[in-house]
Amino acid sequence: MSRFWNDIVHRLTPYVPGEQPALTHPIKLNTNENPYPPSPRVVEAIRRELGEDGASLRKYPDPTARALREAVAAHHGVRVEQVFAGNGSDEVLAHAFQALLKRDLPIRFPDITYSFYPVYAQLYGVAYETIPLDAAFAVDIDAYRAPNGGVLLPNPNAPTGRALPLADIEALLKANPEVPVIVDEAYVDFGAQSAVSLIDAYPNLLVVQTTSKARSLAGMRVGFAFGDAALIEGLTRVKDSFNSYPLDRLAQAAALASYEDRAWFEESCRKVVESRERLNARLQSLGFDVVPSAANFVFAKHAAHDAAALAAALRQREIFVRHFKLPRIDQHLRISIGTDAECDALTAALEELIGG
Ligand code: PMP
């Protein structure tokens, strides 16, 4: 605390990311990272960009990330003007709050969702109301009908992993034609339907994606937004009033190469989905209640064992899972999908802890 802080900083409750343990070989199932490396083409592209002596780093990167946005636009069959690139989807979401969500009425998002949303709302002075998920953690889209100042939903939702069908997203758009509807698709590649296909039809739709999960590039910090060119221009205006160069040269080269290797991306998603179903079945046989997941994590609760105690006991064994001390979910664990060997180590430890 400092007397030099302004009122906004005094009032902030910052987001707390999952722990990055300083251990040589932790089993890290707490931040939804991909257990597999990115495409070898990504590594080659970074080397190429760096060159022998790193001379390219003397120069600023392309402030518009044009080549990357063109590759991503081609991948999704949209126009480059419909694509925004930012430093991780967290930054893209922050710009969306600032550019699009400051409205007369409160915005709406679920009571159980990505815990960064209320933090952005506080930082940018955006009023919000949370809409309870039902007992099975499903989103009731009828509760998101206007009047409101905008709608923000992750699909699949986090930390539950539950997905909404595209028809429900479209119903939501039809019910809210006058306000921005933001769909955060950080985990879409693991089993949900993307709403990018709807951006031509709905000028109020912004779809946010990331290279952090399905493309194994969390360390590079590259995220996108897709939407009507005018919405994208709004984000660009905020970006150019904040930081002209959010994506460095290596990040742009790496992300572009990742979009050039569709086979690697698809195979990596397939492996994660297969391991998810395997882990899901093993957790159920250990007595866990597991929420049906379309993401690269599962959300599970044991009837007889306290979630915080389980997380702490796993941590003792250098196995990291995420526990949120929040209403309605403090008996759940969010477990990222690791390699099969990592998932096996987790289930072996759980068997010991709870008696399999
Ligand atoms: N949205 C959701 C729902 C997430 O879980 C995350 C990851 N913490 C993000 C966005 C941000 O991801 P990144 O900034 O790495 O793109």
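Here is what the cut-offs are and how they apply
- Each residue is numbered by its place in its chain's sequence as written, counting from 1.
- The model is predicted, so local features are restricted to residues of pLDDT at least 70 and side-chain atom pairs to those at 80 or more, both for listing and for counting; the totals for chains, interfaces and linings are taken over all residues.
- The side-chain numbers reported here are obtained from all heavy atoms of the structure, hydrogens and water having been left aside.
- Any residue with a heavy atom positioned within 4 Å of a molecule or strand is treated as near that molecule or strand.
- Distance and chemistry together define a polar contact, namely a pair of N or O atoms within 3.5 Å, with one atom able to donate a hydrogen and the other to accept it when in protein, and with adjacent residues in sequence counting only for side-chain atoms on both sides.
- Residue burial considers only the protein chains on display, and all accessible areas are found by Shrake-Rupley using a 1.4 Å probe.
- Whether a set of points on the 1 Å grid over the protein atoms alone is a cavity depends on a 1.4 Å probe fitting there but being unable to get out, while an open set qualifies as a pocket with protein on both sides within 12 Å along at least five of seven lines; lining residues are those with an atom within 4 Å of a point.
- A pocket or cavity is taken to hold a molecule when more than half of that molecule's atoms are within 2 Å of the pocket's grid points.
- By definition, a salt bridge exists where a carboxyl oxygen of Asp or Glu is found within 4 Å of a side-chain nitrogen of Lys or Arg.
- Each residue's exposure class comes from its accessible area (1.4 Å probe, protein chains only) as a fraction of the maximum for that residue type: buried when under 20%, exposed when over 50%, partly exposed otherwise.
- Strands here mean DSSP runs of E at least two residues long; helices mean DSSP runs of H or I at least four residues long; both are numbered from the N terminus.
- Here, the arc refers to the directions that run from the helix axis to the C-beta atoms.
- In this description, contact between two residues means that some pair of their heavy atoms is separated by no more than 4.5 Å.
- Between any two strands, at least two bridges found by DSSP are needed for them to pair.
- Axis lines are fitted to C-alpha atoms, over the contacting stretch for helices. Their N-to-C directions set the angle, which ranges from 0 to 180 degrees.
- Grid points are joined across faces, edges and corners, and a volume is the space filled by probe spheres set on the points.
- As a working rule, the residues Ala, Val, Leu, Ile, Met, Phe, Trp, Tyr, Cys and Pro are called nonpolar, Asp, Glu, Lys and Arg charged, and the rest polar, with Gly in that last group.
- Domain start and stop points were drawn from an automatic or database domain assignment.
- Note on aromatic pairs: the rings of Phe, Tyr and Trp (six-membered ring only in Trp) are paired at centre separations within 6.5 Å, and the planes decide the class, stacked below 30 degrees, edge-to-face beyond 60, tilted for the rest.
- The scheme is simple: roughly parallel for angles under 35 degrees, roughly antiparallel for over 145, roughly perpendicular for 65 to 115, oblique for anything else.
- Left-handed describes a crossing whose near helix is turned anticlockwise from the far helix by less than a right angle; the clockwise case is right-handed.

Draft legend 1. Seen up close, the site of the ligand. As a matter of local geometry, the ligand sits amid 13 residues, with Ser 89, Asp 184, Tyr 187, Thr 210 and Ser 212 nearest to it. The side chain of Thr 210 places a nitrogen or oxygen atom 2.6 Å from an oxygen atom of the ligand. Burial of the ligand by the protein amounts to 92% of the accessible area it has alone, namely 400 Å². Placement of the ligand is best described as lying within the largest pocket.

Draft legend 2. Summary view of the pattern of salt bridges. One pass over the full model with this rule turns up 18 salt bridges. Three or more residues are tied together by salt bridges with common partners; here these are Arg 278, Arg 282, Asp 340 and Asp 344.

Draft legend 3. Geometry of helix H3 (residues 66-76). Leu 68, Arg 69, Val 72 and Ala 73 are the residues of H3 that are buried. Considered in projection along H3, the buried side chains sweep an arc of 135° and stay on one side of the axis. Considering only its buried residues, H3 is in contact with strand S2 (83-86), strand S8 (223-227) and helix H8 (249-259). Directly after H3, the chain includes Gly 77, whose backbone phi takes a positive value near 65°.

Draft legend 4. Molecular detail of the sheet that holds strand S10 (residues 297-302). Taken in spatial order, the 3 strands line up as S9-S10-S12 in an open sheet, and their pairing is antiparallel. Each edge of the sheet is formed by a strand with only one pairing partner; in this case those strands are strand S9 (288-290) and strand S12 (332-336). Averaged over neighbouring strand pairs, the angle between their axes works out to 35° when direction is ignored. Where S9 meets S10, 3 bridges bridge the pair, whose relative direction is antiparallel. Note that in S10 the partner of Asp 289 across the bridge is Lys 301.

Draft legend 5. Fine view of the layout of surface pockets. In this structure, the largest pocket encloses a volume near 870 Å³. Those elements giving two or more residues to the lining of the largest pocket turn out to be helix H4 (88-100), strand S3 (107-110) and strand S4 (128-131). Of the residues belonging to the lining of the largest pocket, the class tally is 19 nonpolar, 12 polar and 9 charged. The space that makes up the second largest pocket amounts to roughly 220 Å³.

Draft legend 6. Region of interest: the environment of Ala 229. Looking at the element boundaries, Ala 229 is found in helix H7 (residues 229-239). A relative accessible area of 28% places Ala 229 in the partly exposed class. In this structure, the C-alpha to C-alpha distance between Ala 229 and Arg 79, residues 150 residues apart in sequence, is 8.6 Å. Excluding residues within four positions of it along the chain, Ala 229 makes contact with Glu 81 and Gln 82.

Draft legend 7. Seen up close, empty space enclosed by the protein. One pass over the full model with this rule turns up 1 cavity of 30 Å³ or more. Here the largest cavity is characterised by a volume of approximately 60 Å³. Considering the residues around the largest cavity, the lining is formed by Pro 37, Pro 38, Ser 39, Val 42, Ala 214, Arg 215, Ser 216, Ser 258, Asp 261, Trp 264, Phe 265 and Ser 268. Broken down by element, the residue count for the lining of the largest cavity peaks at 3 residues, all from helix H9 (residues 262-285). Among the residues making up the lining of the largest cavity, the classes are represented as 6 nonpolar, 4 polar and 2 charged. Shared between two domains, the lining of the largest cavity takes at least three residues from each, and those domains are domain 1 (7-37 + 263-355) and domain 2 (63-257).

Draft legend 8. Main features of the packing of aromatic side chains. Here the structure, examined in full by the defined rule, presents 13 aromatic pairs. Aromatic pair Tyr 15 and Tyr 114: ring centres 5.7 Å apart, planes at 75°, arrangement edge-to-face. Of this pair, Tyr 15 sits in the loop between helix H1 (7-11) and strand S1 (27-29) while Tyr 114 sits in the loop between S3 and helix H5 (117-124); the two residues are 99 residues apart in sequence, bridging distant segments of the chain. By relative accessible area, which is 22% here, Tyr 15 ends up partly exposed. By relative accessible area, Tyr 114 is classed as buried at 18%.

Draft legend 9. Structural view of the packing of H3 against H8. Contact geometry of H3 with H8 gives a least axis separation of 9 Å together with a crossing angle of 20°. Between H3 and H8, the angle falls in the class roughly parallel. For the pair H3 and H8, the crossing hand works out as left-handed. Judged by residue contacts, Ala 67, Leu 68, Ala 71, Val 72 and His 75 of H3 engage Gln 252, Ala 255, Leu 256 and Tyr 259 from H8. Here the contact of H3 with H8 is built from residues that sort into 7 nonpolar, 2 polar and no charged.

Draft legend 10. Quick look at helix H2 (residues 40-50). Residues of H2 that are buried include every one of Val 42, Ala 45 and Ile 46, and no others. The arc enclosing the buried residues of H2, seen along the axis, measures out at 100°, which places them on a common side. Away from its buried face by more than 90 degrees, H2 exposes Arg 47 and Arg 48. Elements that come into contact with the buried residues of H2 comprise H8.

Draft legend 11. Main features of the pairing of S12. Across the 5 residues that make up S12, a large majority, 5, are buried. Where burial is concerned, the two faces of S12 agree: the one with His 332, Arg 334 and Ser 336 and the one with Leu 333 and Ile 335 are both buried. Note that S10 and S12 share 5 bridges and pair antiparallel. In the sheet register, Phe 299 faces S12, and the bridge partner there is Arg 334.

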